[in-house]
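What the coordinates show
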Amino acid sequence: MRFEISGHTGSLPAVDAARLPANAASIAENCRVDKGVLQSARGLKDYRDLSLGDVKTVYRYGALPGDIESGHIFEWSEVVDCVAAPLPEDVSDTVLILGDGEPKITHNGLALGSGRKPSNSYRLGVPQPGSAIVVNVSGNFDDGAREFNRDYMVTFVCQVGALVMEGKPSNPSIPVTMRTGQTCQLTGIVQPPAGNYNFVGKRLYRRSNYSGPGSWQLVAQLANTVDSFTDNLEDTEIPGSLPDQSVFDADMPNSQLFAATALPNGITAYTDGDAVYYGFPYRPHAVGAFNRTPIKHCVGLGHFENIIVALTAENPVIITGDSPAGMYPDEITNSQGCLSRRSIVSGPFGVAYASPDGLSVVTGAGADVATTDVIDRDSWQELNPSSIAGVLWEGSYMGAFTRTNGSRGVFLFDPRNRSQGILFYDLEVDALHADGLSDTVFVVSDGKVKLWDRGEALQFRWRSGVSITDPIKLSTCRIKFDGTFRLRLWRDGIKVFDAPVTNRAFRLPAGRGERWQYELEGIGTIYSVVLASSMQEV
């Protein structure tokens, strides 16, 4: 009788040990199986110190592609969504910050002061002027001058890095009747309010009703302190450019927004827990005033392609559309609510999140519990899914957790290759951030920022399932490996061998058995394991 095992995989806690495939594990800790062999995972490598004592969120900022030493680490003691602002040709590294009080925006000329970073930021959005302009008409007019109506409005303008943000206009002034050649005296042009904004001026618009409703046209750019203006300009003397439609149709993001996701098409989605709001494409500060999707108990947001996924305490909701005015929700009734906002990960597999029965994944085809055949509900609940914080690493979902018994760890699972099972690491991690520029996961552990899988090789433990046979003797073993390993062998539930091994074939204790299980522990790479009844068979 001869057994040869290679192509080891991760563990399948959902399957009884006696029903596992020969190459599947009942325990797989601190190992990797993605290269066709069983090998040690690598540990954490110290990277940088932190300023705060209890860090829940980190974000690598302002780095150069491929240069691991470049850039800065943003840190928060709160659960924060830090999202790169969807801006074309953004040279200012503008990011949006949700979950740290009011929604914020910052850039590389503002965030990189001394000490803890981001050192400074502005409130996201631009306030609406609180009162309308007062208009009086003066001056003479020539005989035959054309009579028309005119009104005015004003907007505030802020700038953050390369992003110029124009807010919603004031209410229009009371229309006045005038004739060509007359002058309008404008007073009561409101000044910007106090607050954490970077106001750079105001834009004055007018609308002249000659034979129809007319359209708004830019008259002048005004300084913040200007509160009056004399308009004696002919239509040919003003800039005349029209305000973007988003100026009229958008509100300032409300102060209760705590989560966001940015789509490739430039739309930014936000939630305050009661609804999902949409920023106009490439204008994350301009949130559609009348275009929102009421979604109760929204926990957080993710996306795949240009599709938004709102994760709630009950069911996921898929939202499709290409403008704030045309977003269409579709609820997936699966009773798998999101238990942890930090667990939400957008990846090539869709949007994954921690749910009551396992790791759920939402795609265009619907939603399912991806770990159903991998880890049973009771084992999953022991991981305390409400504690899970996740990131994307090497195409797989990586989640840090604190078990119900207080012990901590990390798991790795690929929703697109579920037969590979689940891997566990006995590493304690407080926060994670996946950085695409360096293809690295930055984690917080022991009060420092560390690099995932960049440290020394870890000692791993891999235990097989239980092979049930007729009563036989397995008296010989040979393991092909590099490194240092120890083999443990159980026969009918009794440990009969526990010793270091070499690459040469060796004898096992004599005796017949019907239930066989082995475990490997060490550092290095395992290529194959052979258990046989005679030396000739290995």
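Residues numbered from 1 in each chain as written. Predicted model: local features only at pLDDT ≥ 70, side-chain atom pairs only at ≥ 80, totals over all residues. Heavy atoms only, no water.

What about the overall build of the protein chain?
In terms of helices and strands, the protein chain carries 2 helices and 45 strands. Taken against the 2.2 N^0.38 rule, which gives 24 Å for 538 residues, the C-alpha radius of gyration of the protein chain at 32 Å runs more than 25% over that of a compact globule. Burial statistics for the protein chain: of 538 residues in total, 53% are counted as buried. Of the contacts formed within the protein chain by residues at least 6 apart in sequence, a portion of 59% connects residues at least 24 apart. Accessible surface, the protein chain as shown: approximately 22900 Å² in total, 45% of it carbon and sulfur. (Helix = DSSP H or I, 4+ residues; strand = E, 2+ residues; numbered from the N terminus. Rg over C-alpha atoms; globule rule 2.2 N^0.38 Å. Buried < 20%, exposed > 50% of the residue type's maximum accessible area, 1.4 Å probe, protein only. Contact = heavy atoms within 4.5 Å. Areas by Shrake-Rupley, 256 points an atom, 1.4 Å probe, with all protein chains shown as cover.)

So, the environment of Ser419
As for its placement among the helices and strands, Ser419 is situated in the loop between strand S35 (408-413) and strand S36 (422-425). For Ser419, a relative accessible area of 55% gives the class exposed.

Re the sheet that holds strand S29 (residues 345-347)
Spatially, S29-S30-S31-S32 is the arrangement adopted by the 4 strands of the open sheet, whose pairing is antiparallel. In this open sheet, the two edge strands, each paired with only one partner strand, are S29 and strand S32 (366-369). Across this sheet, the average inter-strand angle for adjacent strands is 25°, counted without regard to direction. Both strand S30 (residues 350-355) and strand S31 (residues 358-363) contribute to a ladder of 5 bridges, which runs antiparallel. In the sheet register, Val351 faces S31, and the bridge partner there is Val362. (Pairing = 2+ DSSP bridges. Axes fitted to C-alpha atoms, helices over the stretch in contact; angles between N-to-C directions.)

Looking at the packing of aromatic side chains
Summed over the entire model, instances satisfying the criterion amount to 17 aromatic pairs. Pairing Phe401 with Phe424 gives two aromatic rings, centres 6.2 Å apart and planes at 85°, and the pair type is edge-to-face. With Phe401 in strand S34 (residues 396-402) and Phe424 in strand S36, this residue pair connects regions lying 23 residues apart in the sequence. For the pair shown, Phe401 and Phe424 are each scored as buried. Here the aromatic residues Trp380, Tyr397, Phe401, Phe411 and Phe424 are joined through ring pairs into a cluster of three or more. (Phe/Tyr/Trp six-rings, centres within 6.5 Å; stacked < 30°, edge-to-face > 60°.)

Some words on the environment of Ser396
Take Ser396: it is sitting in strand S34. Sequence separation of Ser396 and Val466 is 70 residues, and the distance between their C-alpha atoms is 28 Å. Ser396 has contacts with Phe349, Val391, Leu412, Phe413 and Asp414, leaving out every residue within four places of it along the chain.

With respect to the sheet that holds strand S16 (residues 183-187)
Across the sheet, which stays open at both edges, the 3 strands sit in the order S12-S16-S19 with antiparallel pairing between neighbours. Only two strands of the sheet have a single partner each, and these edge strands are strand S12 (134-138) and strand S19 (229-231). Here the average twist between neighbouring strands, direction ignored, is 25°. Relative to S19, S16 runs antiparallel, the two sharing 3 bridges. Residue Cys184 lies in a different strand from S19, and its bridge partner there is Asp231.

Thoughts on the pairing of strand S38 (residues 440-445)
Counted residue by residue, S38 has 6 buried out of 6 residues, so it is predominantly covered. Residues of S38 alternate between two faces, with Thr440, Phe442 and Val444 on one and Val441, Val443 and Ser445 on the opposite face, all of them buried. Strand direction decides the pairing type here: strand S37 (residues 431-435) and S38, joined by 5 bridges, are antiparallel. Residue pairing for S38: Ala434 is matched across the bridge by Val441. Taking the residues that link successive antiparallel strands as the turn, the S37-S38 hairpin has 4 residues, and the phi of Asp439 there is positive, at about 50°. Hairpin connection from S38 to strand S39 (residues 448-451): 2 residues lie between these consecutive antiparallel strands, with Asp446 at a positive phi of about 55°.

Some words on the pairing of S34
Of all 7 residues in S34, 6 are buried, a share of seventy percent or more. As defined by bridge partners, strand S33 (residues 389-393) adjoins S34 across 5 bridges and the pair is classed as antiparallel. Bridge pairing in S34 places Val391 opposite Met398. As consecutive antiparallel partners, S33 and S34 are separated by 2 residues, and within that stretch Glu394 has a phi angle of approximately 50°, a positive value. Relative to S35, S34 is paired through 6 bridges, and the arrangement is antiparallel. Bridge pairing in S35 links Phe401 to Gly409. Here S34 folds back onto S35, and the loop between the two strands holds 5 residues, one of which, Gly406, carries a positive phi near 95°.

Section: unusual backbone geometry
Each neighbour pair has its own omega, and for Lys117 with Pro118 the value is 5°, a cis peptide bond. You will see that Asp93, though not glycine, has its phi angle at about 50°, which is positive. Structurally, Asp93 can be placed in the loop between strand S8 (81-84) and strand S9 (95-99). Using a relative accessible area of 34% as the deciding quantity, one classes Asp93 as partly exposed.

Considerations on the environment of Ala63
As for its placement among the helices and strands, Ala63 is situated in the loop between strand S6 (57-61) and strand S7 (72-76). Residue class for Ala63 comes out buried when judged on its relative accessible area of 15%. When the C-alpha positions of Ala63 and Thr502 are compared, they lie 46 Å apart, and in sequence the two are 439 residues distant. Not counting the four nearest positions on each side in its chain, Ala63 is found in contact with Ser70, Gly71 and Leu437.

What about the side chain of Thr371?
Following the sequence through the fold, Thr371 ends up in the loop between S32 and helix H2 (377-382). Beyond its immediate stretch of four places on either side in the chain, Thr371 contacts Gly358, Leu359 and Phe413.

What about the pattern of salt bridges?
In this structure the tally under the stated criterion is 32 salt bridges. Between Lys56 and Asp54 there is a salt bridge, and its shortest N-O distance comes to 3.3 Å. Judged by relative accessible area, Lys56 falls into the partly exposed class, the value being 31%. Arg488 is the salt-bridge partner of Asp498, the closest N and O atoms lying 3.4 Å from each other. Of this pair, Asp498 sits in strand S43 (residues 494-500) while Arg488 sits in strand S42 (residues 476-491), placing them 10 residues apart in sequence. A network of salt bridges, in which partner residues are shared, links Glu29, Arg461, Arg463, Arg486, Arg488, Lys495, Asp498, Glu519 and Glu521. (Salt bridge = Lys/Arg side-chain N within 4 Å of Asp/Glu carboxyl O.)

What is shown is where atoms sit, not what they do.
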